[in-house]
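Survey of secondary and tertiary structure
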Amino acid sequence: MRDFSIARRRMVEGQVIARGITDQRVIDAMLKVPRHKFVEEALQSQAYQDAPLPIGERQTISQPYMVAVMSQSLALSGSETVLEIGTGSGYQAAVLALLADRVFSLERIPSLARRARKVLDECGFSKVNIRVADGTRGWQEMAPFDAIMVTAGAPEVPQDYLDQLAVGGRLVIPVGDRTSQVLMRITRTGAREYEDERILGCRFVPLVGSCAWQEE
Ligand code: SAH
C-alpha cells in the first residue's frame, strides 16, 4: 500500500493553495477525500497529478485545480442543499459532501453512477444522493438549491437550473462549444434577477441531454 496522503498533501499545496485557492474548507476537504479511490487501480498512482484522468465511458474525473475553483466559487458554509450535474467518478460529490449539508448528484450513464455509489459508500460518503437521469432538467423534486455545480460543458445555461436556484443561490457551469468553455458563475439575486461572472477558461466533456448537446 502506497501512502497516498503525502501525494495528496503535495497536490493541495502545489496545485490548489499555490494557485490562489483560499477557502480553507475547500482546502481541508481536498486534503481529506482519497482521490485515488475514485479512479481505476491502474491509474491510482496518477490520481494526484495536475490533470484530469479517464474514468471509462469516454468521461473524465476533473483536474484537482478545477475541482477547487468550482467548489470555492459556490462559497459554501456547510448548511446548503447542493445539486451536482455529472456524478462521474463521485470525487467532486465527495468534496461537496464535506462542504454542504445535503448533496444531490445526477449522472446519465448508469455504470458510472453505480461505481460512484460504491466508492462513495466505501469512503463514508453515503449521504450523497445519486440518481441516474438526464440532468439537463435539474432535479425538480429536491429544488430549490442553494448551489448547483455542472461538471460538463453546456452550449447555454438550461432554464431549469435558473428556476431551481434559491434566491441568493449560486450556479457554476462551463458554457461554450463541445471542446472549450468559459466557467460561469451565476447568482440569483432576486426572483427574476441574475448576475453572471466569468471565472476562467476550461475544457469539460459535453453535457449531453434534452436541453444541451446531442450524443455524437
Ligand atoms: N464530477 C465528476 C466529473 C464528471 S465528467 C467527477 O468528479 O468525477 C462529466 C460527467 O457528466 C460524465 O460522467 C457524464 O456522463 C455526465 N453527464 C453528461 N451529460 C449529463 C447529463 N445530461 N445529465 C447527467 N450527467 C451528465
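Our subject is the structure that appears above.
Throughout what follows, the structure given in this document is the object of discussion. Source: prediction; values computed, not measured.

Here we come to the site of the ligand. Lining the immediate environment of the ligand, one finds 26 residues, of which Glu84, Ser89, Glu107, Gly135 and Val208 sit closest. Taking Arg108, its main chain carries an N or O atom lying 3.3 Å from a nitrogen atom of the ligand. For the ligand, whose free accessible area comes to 580 Å², the fraction covered by protein is 99%. Listing elements by their share of the shell around the ligand, those giving two or more residues are β2 (59-61), α4 (91-99) and β4 (102-107). In terms of residues, the shell around the ligand owes the most to one element, β2, which gives 3 residues. Of the residues in the shell around the ligand, the class split is 11 nonpolar, 11 polar and 4 charged.

This part takes up the environment of Arg102. Locating Arg102 in the fold gives a position in strand β4. Owing to a relative accessible area of 41%, Arg102 belongs among the partly exposed residues under this scheme. Counting along the chain gives 27 residues from Arg102 to Asn129, while the straight-line C-alpha distance between them is 8.3 Å. Beyond its immediate sequence surroundings of up to four residues, Arg102 is in contact with Glu80, Thr81 and Val82.

Conventions and cut-offs
Residues numbered from 1 in each chain as written. Predicted model: local features only at pLDDT ≥ 70, side-chain atom pairs only at ≥ 80, totals over all residues. Heavy atoms only, no water. Near = heavy atom within 4 Å. Polar contact = N/O pair within 3.5 Å; in protein donor to acceptor, adjacent residues only side chain to side chain. Areas by Shrake-Rupley, 256 points an atom, 1.4 Å probe, with all protein chains shown as cover. Helix = DSSP H or I, 4+ residues; strand = E, 2+ residues; numbered from the N terminus. Nonpolar A, V, L, I, M, F, W, Y, C, P; charged D, E, K, R; others polar. Buried < 20%, exposed > 50% of the residue type's maximum accessible area, 1.4 Å probe, protein only. Contact = heavy atoms within 4.5 Å.

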